[in-house]
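Spelled out from the first residue to the last, the chains are:
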Amino acid sequence: GLPTHYSKKQDRALIMPNLGCNGIKTKIINRKMSCGERPQGTRLHSEVTLYYVVTTLPCCLFLFINVTMLLTLRSKAVFRETSRYILLFNLLFSDTVQLAQNQIMLLLSAGKPLVYPLCIALTVFSFFSHNASILTLVLMCLERYIAVCYPLRHAAIVTIKNTGEAVCVLWTFSLLIVLVEVVLMLNVPFKDLPNKQLKEFCGRENLYPDQVAEMYHKVFTYFLFTYAGVTVTFSYIAIMLAARSASTDKVSARKARKTLLLHLMQLGLSMSATVQTSLLILIFQSIERSTATAVQVFLYILLSLLPKCLSSLIYGLRDKTIRPVLMLNLSCGRTPEHWGGDPKITA
């Protein structure tokens, strides 16, 4: 466990990754060791290695599932020409990019400190895909709302053209937001920028030069999650009220409500990831290091990795159109009759 004389600053110096839209934070206690303390350093190195292995294995599994799902959504015309599946592909793409980027930043943290431009590029890329993912969730909820509450106008409103334009708008909006963050981060003389190295970890905490940049990020993050949360909640309540009408398809409304609840859970997990640093600091101050490391791995998988694979699990297992094709791809050729879907879809 931690000695009683450790300060809060030393607690922060323990192995503490903070991934996703907040970048990564990894640092090891930097203090002189006597000969008698050498085994403790060896044990610490073993814990770091185990941490990387334990987090990389589920990440590779989730990447395999997501990539298979992406290929599935491009394999049939019914997926390429349906607005719902176009939005799902967009959501999966941004989630898969975040999933890979999170683990890359974690592995890079094992080496020497990154140069400032590379850290900015990785962190901003994470912000970019994260914002696009949240906004795509909003669009998918609105699509379900229109499908249940306005079924006769759904085909006229939610067209492939309108869906494509909406996707372009959300990616453009996400790009503009991160470009502002880049300008705020680049408060460094350009002649020093190429060779400037970070003294500590690569993450937004070390990239923002002043309070203005940090405040901008916080305000936009809170606005984005509030907007998404209100939209999902509104859509859920509207669908629940519409289900009481005699003219509403009860089965479709029930499925839509379940889907929106799952999206709300995704949103909650993504929001939890933004406070992961504060949570980990609190954990390291109150429990032993070995236990805290186990909790840390669990939180990283739960908050940073799993939410990026939920879309594949939600739609891949629940959607009767996707399920037979996805299972066929994942199982290397087993017949679709085993998966309870329509065999004609795989033709």
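These numbers come from a predicted model, not from an experiment.

Draft legend 1. Layout of the overall build of the protein chain. Summing up its helical and strand segments, the protein chain has 14 helices and zero strands in all. Ordering the α and β elements of the protein chain from the N terminus gives α-α-α-α-α-α-α-α-α-α-α-α-α-α. Counting every position in the protein chain, which comprises 347 residues, the buried fraction comes to 47%. In the protein chain, 75% of the contacts between residues at least 6 apart in sequence involve partners at least 24 apart.

Draft legend 2. Quick look at the nonpolar core. Formed by 46 residues in total, the largest nonpolar core has its most connected members in M69, L73, L88, Y315 and I322. The greatest single-element share of this core, amounting to 13 residues, is contributed by helix α5 (residues 116-149). Those residues in contact with M69 that lie beyond four places of it in its chain are L88, L92, S312, Y315, G316, I322 and L326. In this structure, Y52, C59, L99 and Y300 belong to the second largest nonpolar core, which totals eleven residues.

Draft legend 3. Representation of the side chain of T259. With respect to the helices, strands and loops of the structure, T259 is situated in helix α10 (residues 250-273). Judged by its relative accessible area of 1%, T259 falls in the buried class. Excluding residues that lie within four positions of it along the chain, T259 makes contacts with Y315 and R318.

Draft legend 4. Layout of a positive patch on the surface. There is a patch of like positive charges on the surface, built from R254, K255, K258, R318 and K320. Here the positive patch takes three residues from α10, the largest share from any one element. Within the fold, R318 resides in helix α13 (residues 310-318). Overall, R318 belongs to the partly exposed group, its relative accessible area being 35%.

Draft legend 5. Up close: the pattern of salt bridges. The final tally for this structure, using the stated rule, is two salt bridges. A salt bridge links R84 to D319; the nearest nitrogen and oxygen atoms lie 3.7 Å apart. Remark: D319 occurs in the loop between α13 and α14 (322-330) and R84 occurs in helix α4 (residues 83-108); sequence separation between them is 235 residues. A salt bridge links R144 to E143; its shortest N-O distance comes to 2.8 Å. For R144, a relative accessible area of 13% puts it in the buried group. Given a relative accessible area of 5%, E143 falls into the buried group.

Draft legend 6. Here's a closer look at the UniProt feature "transmembrane region" (unreviewed entry) in the protein chain. UniProt feature "transmembrane region" (unreviewed entry): in the numbering of this structure it lies at residues 50-73, 85-108, 114-142, 163-186, 219-243, 264-285 and 297-317. Between the C-alpha atoms that bound residues 114-142 there is a distance of 41 Å. The span itself is 93% helix and 0% strand. The distance separating the terminal C-alpha atoms of residues 163-186 is 35 Å; by composition the span is 96% helix and 0% strand.

Draft legend 7. Region of the structure containing the packing of α4 against α5. One can describe the packing of α4 onto α5 by two numbers: an axis separation of 9 Å at closest approach and a directional angle of 155°. As summarised for this structure, α4 and α5 are arranged roughly antiparallel, according to the angle between their axes. Every pair of crossing elements has a handedness; the one defined by α4 and α5 is left-handed. Residue composition of the contact of α4 with α5, by class: twelve nonpolar, eleven polar and four charged.

Draft legend 8. Highlighting the confidence of the model for the protein chain. Taken as a whole, the protein chain shows an average pLDDT of 75; of its residues, 70% reach a score of 70 or greater. In the model, residues 1-39 has pLDDT below 50 throughout and makes 99 contacts with residues more than four positions away in sequence or in other chains.

Each value, and the rule that gives it
Residues numbered from 1 in each chain as written. Predicted model: local features only at pLDDT ≥ 70, side-chain atom pairs only at ≥ 80, totals over all residues. Heavy atoms only, no water. Helix = DSSP H or I, 4+ residues; strand = E, 2+ residues; numbered from the N terminus. Buried < 20%, exposed > 50% of the residue type's maximum accessible area, 1.4 Å probe, protein only. Contact = heavy atoms within 4.5 Å. Core = buried A, V, L, I, M, F, W, Y, C linked by side-chain atoms within 4.5 Å. Patch = residues over 30% accessible without salt bridge, like charges linked within 9 Å, V, L, I, M, F, W, Y side chains within 5 Å. Areas by Shrake-Rupley, 256 points an atom, 1.4 Å probe, with all protein chains shown as cover. Salt bridge = Lys/Arg side-chain N within 4 Å of Asp/Glu carboxyl O. Lys, Arg positive; Asp, Glu negative; His and termini not counted. Charge placed at Lys NZ, Arg CZ, Asp CG, Glu CD. UniProt positions renumbered as here; feature names shortened; annotations may be inferred. Axes fitted to C-alpha atoms, helices over the stretch in contact; angles between N-to-C directions. Parallel < 35°, antiparallel > 145°, perpendicular 65-115°, else oblique. Left-handed = near helix turned anticlockwise from the far one by under 90°. Nonpolar A, V, L, I, M, F, W, Y, C, P; charged D, E, K, R; others polar. pLDDT = per-residue confidence, 0-100.

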